[in-house]
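# Chains, contacts and geometry: an overview
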Amino acid sequence: MVEVKKLKKYFVLRGKGLWGKKYFVKAVDDVSFFVKEGQSIAIVGESGSGKSTLIRCINGLVKPTSGQVFLDGESVVGLKGNEYKEKVAKKVQMVFQDPTTSLNPRLRVFDIIVEPVLAQQRVPKAQLVDLVNDLLRKVGLDPKLSDRYPGELSGGQCQRVAIARALSVRPKVLLLDEPTSSLDVSVQAQVLKLLNELRQTFHLTYIFVSHDLGVVRNVAERVFVMYLGRIVEIGPTEEVIDQPLHPYTKLLIESIFYPDPNVEMKKPAIVEEVETTMNAGCRFKSRCPFSTKECEIYDMKPLEASRDRYVSCIKWEVMERWSS
Amino acid sequence: MNELVKFENYSLTFKTLYGDVRALRNLSFTINSGEIVALVGETGCGKTVTALSIIGLLPENASQTGKIFFKGVEVNHENVKRIRGKEVAIVFQDPTSSLNPLYSIEQQLVDVFVSRWDIPKSEAKEKIDGLLRQVQLFDVDRIRRAYPHELSGGMRQRVMIAMALACEPSLLIADEPTTALDVTVQRQILYLIWELQRARKFSVLFITHDLGIVAQLADRVVVMYAGNIVEMAPKKELFSNPLHPYTSGLLNCALDPRKKKLPEPIPGSLPSLTGLLDGCIFRERCGRVQNDCGILTPELAEVRPSHFVACHLWREQRG
Amino acid sequence: MKLVRLALKNRLAKFSLTIVSIFALLALIAPWIVPYKEQALGEPNMAERLLSPSLRHPFGTDHMGRDILSRMIYGARTSLFTAVSVVFLSALIGVPIGIAAGYFGGLVDNVLMRFTDVFLSFPPLLLALLIASTLGKGLFNAILALVITWWPWYARLVRSQALSTKSLAYVEAARAAGVSNFMIMFRHILPSCIAPLAVQCTMDMGSAILEAAALSFLGLGVQPPMPDWGLMISEGKAYFLNYWWVPTFPGLFMLVLVMSFNLLGDVFRELVDPRLRRRMLI
């Protein structure tokens with residue numbers, strides 16, 4: 001359904017001073033993966049890992065520096081105008097992190113939801129009304145809300161409107177950029193439940209971006225862990241969270257605060273926060289307690305650890321033996 | 001244990017164009033010295049204004065009733081300045097906006113020392129090294145000279161904690177200090193606060209919506225909903241035996257990455273804080289609502305040892 | 001509209017809005033209310049030169065014996081017409097350029113903004129002199145000169161607003177939905193510019209009145225015998241010492257109107273800025 005091949009996105013920045021040297025920030029660096037139809041995957045990583053840039057490359061909001069994106073087997077990089085509408089906008093829609101900024105405060109809910117539909121073709125008003133009422137009901141909102149403005153709705157209701165908008169063109173893929181991280185705990189649970197239900201009803205493929213492994217566990221079948229523009233680990237959600245292989249994934253898992261009062265506060269592994277290192281070798285080496293000389297020349301090619309599990313670390317086997 | 005901060009029937013109302021917003025209603029709770037109290041609740045439940053009212057940092061349109069005591073003395077306009085930044089230090093959510101971008105870290109730390117302890121600048125400068133090391137910033141020379149934007153988010157938050165420590169406060173208010181940070185950094189910052197608290201025995205009022213953090217950091221938990229305290233108990237008691245339907249709802253919503261268990265959401269959303277409601281504030285979202293809930297406002301009562309709850313379901317068991 | 005509704009809750013705004021409305025009303029119905037219509041339009045009446053204020057001529061008469069009050073009411077027409085045209089035409093040119101520059105960014109932005117900068121560097125008075133000497137003197141050429149030096153400010157204001165709106169997620173969402181660039185600019189970017197634009201326009205009405213009056217004063221704008229405040233002050237300045245009322249009353253009118261516009265603009269600005277809004281409404 002969605003395939004990404006050797007995708008790279010470098011941002012060019014200038015150093016200090018008038019004639020500062022140009023340098024690159026490799027937001028996404030040589031990432032390849034594919035997502036099967038109906039699957040739900042999560043891209044996990046911290047800020048600066050390139051996860052948001054990566055999903056924006058999929059629907060063309062960000063133009064990749066190089067590499068390919070395929071939707072239904074068709075290459076879609078750089079499409080514009082009608083071709084973009086037909087091959088991308090109709091198939092892939094996105095739900096953003098903060099519903100207070102992703103909904104135009106000056107438009108009514110109705111106009112917000114029909115925007116993607118009207119971008120595709122002209123539709124008679126009566127048909128639009130039916131569509132909006134149906135969508136609002138499906139996302140658990142009262143159709144009466146359709147003439148309200150986003151400012152009159154709560155955060156959770158706004159996010160439901162955003163989901164309704166994304167579904168209005170019946171896409172096959174939903175890109176979800178931290179859809180619950182700006183919501184309150186009780187509302188987050190409502191939205192997650194809704195997303196799980198909608199996936200069944202509409203046979204959707206989900207590509208999630210999140211930093212919250214608790215959310216990921218509940219919505220995703222597979223996890224991609226990203227670190228500084230690279231995918232460092234891929235695998236089924238349960239396996240990755242229960243038995244992480246990459247040292248970075250391990251660090252992430254150790255950082256979780258479980259809602260369980262019997263877990264004792266323990267000293268975190270001292271990992272210096274370092275400047276972003278973009279030079280050769282493993283991206284994680286300067287923070288990794290196991291790094292050696294080999295890591296400086298390792299190109300982070302994913303290694304197959306077991307069936308369906310890939311890890312970008314040459315030390316993983318050594319570490320596994322060491323820890324068991 | 002002696003009481004450091006005590007709220008007594010404290011209410012807070014904001015006058016706005018759209019009517020009076022009852023931000024806090026009849027708050028009564030204490031923070032004992034040497035404990036970490038977590039103030040838990042969702043957006044708009046009043047947890048931040050509760051903290052701000054201790055140090056008198058309220059907007060002009062606020063009007064308050066009830067009393068707040070600090071070390072047994074009632075807090076008022078005059079003595080609040082002796083408390084703020086001296087006895088009580090605060091670490092905010094966003095370290096970027098709490099540091100002055102125009103001064104180096106050293107200058108800002110020196111200012112804190114000078115204003116708190118009234119010591120000469122040279123003496124203050126000598127103290128900085130040790131302080132920075134305490135918050136695990138070891139590259140002291142670089143940090144001293146750095147300006148806030150040259151540091152990472154985690155480092156800035158450590159500097160904020162250092163500034164708070166410089167005051168040697170008896171109460172540290174931490175208002176969601178790690179929400180803006182990455183999870184790996186969050187773990188380090190929270191451990192730092194926890195470790196310092198254990199070593200120095202100051203009290204911490206920790207404001208958060210994250211039950212995971214509460215579970216590991218807090219000694220006692222105060223749960224707030226729409227400006228009311230609905231439940232208050234020691235951590236383990238609260239997690240193992242939540243009494244208020246809102247608390248158990250919250251706990252059911254909390255996601256544990258170790259197991260796949262779809263959360264059971266609390267239906268509905270927050271009630272409006274304008275206007276006065278009789279009865280229980282949570283009744284519209286409550287699954288166990290009774291007749292009384294619409295008429296009588298439940299009062300916070302101790303139904304088990306040091307376990308307080310404001311709910312009619314537990315009325316019979318009141319001591 | 002929401003802005004006006006909010007503004008009406010503020011005493012200062014109510015006051016200045018009333019004054020502006022009175023002037024606008026006077027300007028609209030001038031032909032029907034002025035006592036000496038012909039004189040207002042310039043017909044001399046040498047028999048009654050330089051009369052001091054009286055019941056017949058509340059503000060006196062000028063050096064050609066014309067009723068100053070009548071001319072002042074007609075002058076409000078000229079002033080408001082000039083100000084509205086200058087502000088409206090400037091916005092008409094500046095807004096599309098600013099939106100395009102802010103939304104597309106990159107090369108488009110660079111080209112458009114450098115073009116704008118060129119216009120920004122014209123001194124308004126010299127340009128007006130140039131236009132007057134090539135195209136001739138007159139109200140319309142004065143408006144043209146003002147518009148040429150005025151629109152760049154609107155372009156810059158709108159550009160910065162467009163830049164900040166562009167980065168909001170709802171614009172991203174529209175792009176991801178396949179909405180065309182034109183529609184995004186029209187439906188999402190433009191409406192976000194309206195409020196700051198309204199503030200700027202209101203504030204600028206006052207300055208436009210002043211600048212237009214200055215041009216008339218220098219003989220580059222409205223030509224005699226047409227009624228205009230700037231012109232009346234200019235003509236009256238020679239008589240100021242002995243016949244003080246001739247330039248004083250037009251000057252006062254201008255002062256009151258310009259100040260009302262400025263006050264109104266200030267209130268609008270505070271209402272648009274959420275940090276200042278609270279102070280205004282409590």
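In this report, we go over the structure that sits alongside the text. (Residues numbered from 1 in each chain as written. Chains lettered and ligands numbered in written order. Predicted model: local features only at pLDDT ≥ 70, side-chain atom pairs only at ≥ 80, totals over all residues.)

Assigned secondary structure in chain A consists of 11 helices and 12 strands. By the compact-globule yardstick of 20 Å for 324 residues, chain A fits well, its C-alpha radius of gyration being 21 Å. A principal-axis box enclosing the C-alpha atoms of chain A has dimensions of 65 × 55 × 45 Å. Taking all 324 residues of chain A together, 48% fall into the buried category. Restricting to contacts in chain A with at least 6 residues of sequence separation, those with at least 24 account for 62%. (Helix = DSSP H or I, 4+ residues; strand = E, 2+ residues; numbered from the N terminus. Rg over C-alpha atoms; globule rule 2.2 N^0.38 Å. Buried ≥ 20, exposed ≤ 12 C-beta atoms within 10 Å, placed from the backbone. Contact = placed C-beta atoms within 7 Å.)

What follows deals with the nonpolar core. With 273 residues, the main nonpolar core has A:I207, A:F208 and B:F206 as its most contacted residues. The dominant element in this core, judged by the number of residues it contributes, is helix α4 (residues 68-104) of chain C, at 17 residues. Apart from residues lying up to four places away in sequence, A:F208 is in contact with A:S40, A:I41, A:A42, A:I43, A:L176, A:V216, A:V219 and A:A220. (Core = buried A, V, L, I, M, F, W, Y, C linked by C-beta atoms within 7 Å.)

Moving on, we come to the pairing of strand β11 (residues 303-306) of chain A. All names here are of chain A. As judged from the three bridges shared by β11 and strand β12 (residues 309-311), these two strands associate in the antiparallel manner. By the bridge assignment, S306 is partnered in β12 with R309. Hairpin remark: β11 followed by β12, antiparallel, with two residues in the connecting loop; positive phi at D308, about 70 degrees. (Pairing = 2+ DSSP bridges.)

Extensive coverage of helix α4 (residues 109-120) of chain A is indicated by the burial of nine of its 12 residues. Among the residues of α4(A), A:V109, A:F110, A:I112, A:I113, A:V114, A:E115, A:P116, A:V117 and A:A119 are the ones counted as buried. Buried residues in α4(A) make contact with α2 (81-89), β6 (92-95), α5 (125-138) and α6 (155-167) of chain A together with α8 (169-176) of chain C.

Residue and element names in this part refer to chain B. As judged from the 10 bridges shared by strand β1 (residues 3-16) and strand β2 (residues 19-32), these two strands associate in the antiparallel manner. Bridge assignment links K15 to a residue of β2, and that residue is D20. Counting the residues that bridge the hairpin from β1 to β2 gives two residues.

All right, on to the sheet that holds strand β11 (residues 301-304) of chain B then. All names here are of chain B. Ordered by their spatial adjacency, eight strands build an open sheet running β6-β7-β8-β3-β9-β10-β12-β11, and the pairing between neighbours is mixed. Where the open sheet ends on each side, the last strands, each with one partner, are β6 (88-91) and β11. Taken over all neighbouring pairs, the strand axes of this sheet differ in orientation by 20 degrees on average, direction set aside. Sheet topology note: the strand β10 (residues 228-234)/strand β12 (residues 307-309) ladder contains two bridges and is antiparallel. Residue E231 lies in a different strand from β12, and its bridge partner there is V309. Each of β3 (36-40), β6, β7 (171-175), β8 (203-208) and β9 (220-225) touches helix α1 (residues 47-54); the most contacted strand, β8, lies at about 150 degrees to it. (Axes fitted to C-alpha atoms, helices over the stretch in contact; angles between N-to-C directions.)

All names here are of chain B. Taken in spatial order, the four strands make up an open sheet running β2-β1-β4-β5, and their pairing is antiparallel. In this open sheet, the two strands that pair with only one neighbour each are β2 and β5 (73-74). Strand direction decides the pairing type here: β1 and strand β4 (residues 62-70), joined by eight bridges, are antiparallel. By the bridge assignment for β4, E8 is matched with K67.

The topology assignment puts A:A189 in helix α7 (residues 185-202). A C-alpha to C-alpha distance of 9.0 Å links A:A189 and A:V215, two positions 26 residues apart in sequence. Dropping the residues within four chain positions of it, A:A189 is found in contact with B:C253, B:P263, B:E264 and B:P265.

Turning our attention to the environment of A:I231. All names here are of chain A. Along the polypeptide, I231 turns up in strand β10 (residues 230-236). With 29 C-beta atoms packed within 10 Å, I231 lands in the buried category. Linking I231 and F284, residues 53 residues apart in sequence, is a C-alpha distance of 11 Å. Once residues lying within four places of it in the same chain are set aside, the contact partners of I231 are V31, F33, F224, V225, M226 and S312.

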